[in-house]
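In case you want the letters, here they are:
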Amino acid sequence: TETGVPFLFDAAYTFAFALNSLLNDGLTLDAVTGEALLSALLSVSFEGVSGSVKFDSNGDRQGSYHVWNVQNSSALEVALFSSDDDVITPIDGRDLLWTSGAWGFQLPTEFIDCEAGDFLNSQATCQACPSDQVTASEKRSCQECSGSTIALSDGTCGYDPQ
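The notes below deal with the structure included here. (Residues numbered from 1 in each chain as written. Predicted model: local features only at pLDDT ≥ 70, side-chain atom pairs only at ≥ 80, totals over all residues. Heavy atoms only, no water.)

Strand pairing in a sheet is mediated by backbone hydrogen bonds. Such pairs are either parallel or antiparallel. Taken together, three strands build an open sheet; the order of strands is β4-β5-β6 and the sheet is antiparallel. A single partner strand is all that each edge strand has here, and the edge strands are β4 (64–71) and β6 (87–90). Ignoring strand direction, the axes of neighbouring strands in this sheet form an average angle of 35°. With four bridges connecting them, strand β5 (residues 74–82) and β6 associate as antiparallel partners. Residue pairing in the sheet places A79 in a bridge with P90 of β6. (Pairing = 2+ DSSP bridges. Helix = DSSP H or I, 4+ residues; strand = E, 2+ residues; numbered from the N terminus. Axes fitted to C-alpha atoms, helices over the stretch in contact; angles between N-to-C directions.)

For the rest of this paragraph, the subject is the pairing of strand β1 (residues 45–48). Covered by surrounding structure in β1 are F46 and G48 only, the residues S45 and E47 on the alternate face being uncovered. Of the pairings in the sheet, the one linking β1 to strand β2 (residues 51–55) comprises four bridges and is antiparallel in character. Counterpart to G48 in the pairing with β2 is G51. (Buried < 20%, exposed > 50% of the residue type's maximum accessible area, 1.4 Å probe, protein only.)

As a further point, take the side chain of N121. For N121, the position within the fold is in the loop between β7 (118–120) and β8 (126–128). A relative accessible area of 12% places N121 in the buried class. Only 2.9 Å separates the side chain of N121 from the backbone nitrogen of Q123, close enough to count as a polar contact. (Polar contact = N/O pair within 3.5 Å; in protein donor to acceptor, adjacent residues only side chain to side chain.)

To continue, consider the layout of surface pockets. Taken as a whole, the largest pocket holds about 150 Å³ of empty space. In this structure, the largest pocket is lined by T109, E110, I112, D113, C114, E115, D118, L120, T135, E138, K139 and R140. Class assignment of the residues belonging to the lining of the largest pocket gives a composition of three nonpolar, two polar and seven charged. (1 Å grid on protein atoms, 1.4 Å probe; cavity = no way out; pocket = protein on both sides within 12 Å on 5 of 7 lines; lining within 4 Å. Points joined across faces, edges and corners; volume = space filled by probe spheres on them. Nonpolar A, V, L, I, M, F, W, Y, C, P; charged D, E, K, R; others polar.)

Our next topic: the sheet that holds β1. In space, the three strands of this open sheet follow the order β1-β2-β3, with antiparallel pairing throughout. Each of the sheet's edge strands pairs with one partner strand only, and the pair in question is β1 and β3 (61–62).

A separate point is the state of the cysteines. Counted under the stated rule, the structure contains three disulfides. Covalent S-S linkage joins C114 and C126, the inter-sulfur distance amounting to 2.1 Å. Looking along the S-S bond of the C114-C126 disulfide, the torsion reads about -90°, which is the left-handed sense. With C114 in the loop between β6 and β7 and C126 in strand β8, the pair connects residues that are twelve residues apart, well separated along the chain. C126 sits in the partly exposed class, given a relative accessible area of 37%. Each disulfide pairs two cysteine sulfurs, and for C145 the partner residue is C157, the sulfurs being separated by 2.0 Å. Between C145 and C157 the disulfide shows an S-S torsion of about -85°. By sign, it is left-handed. In this pair, C145 sits in the loop between β10 (142–144) and β11 (150–151) while C157 sits in strand β12 (residues 157–158), placing the two residues twelve residues apart along the sequence. We classify C145 as buried; its relative accessible area is 14%. With cysteine numbering restricted to those in disulfides and following the sequence, the protein chain has the pairing 1-2, 3-4, 5-6. (Disulfide = S-S within 2.5 Å.)

The end-to-end C-alpha separation of helix α1 (residues 5–24) is 28 Å, in line with the 28 Å expected for 20 residues at 1.5 Å each. Considered for burial, the residues of α1 that qualify are D10, T14, A18 and L22. Across the axial projection of α1, the buried residues extend over an arc of 115°, all falling on one side. Exposed positions of α1 whose direction lies more than 90 degrees from the buried face are L8 and N24. (Expected span 1.5 Å × (residues − 1). Arc of directions from axis to C-beta.)

This is the structure in structure tokens:
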């Protein structure tokens, strides 16, 4: 069987549901515009042959995904991801191996890149440095500028431009 057939089937049904909704709202076929059809498509939600069919505000299909991870030269399914609610559900007893060598489903801090003028705090989130300080070189704290330099809006130390 073709792997794309369930998605094609659900795509046709999506348009049928959207068009049916517009007709039930009193529009005639001649009055259906692309804008009206898109709006109706975004509100379609049903359990299709390929799984749950619904769309986000950008028109992207929400779905569930199997998360595979290469461990010991073999691919292993480690989790399920639902884009409906941005939830990763680990499969019992399995862990994720990151390219850094770290294990677990928490994003390792070395992959978190804070903006200039922010530092990575102990909760592994980016936090703004005080206005008179800049991000330290290790990116986990802030430091005062040296000499007569000041903290600039781009997160660096420099001389007062005024």
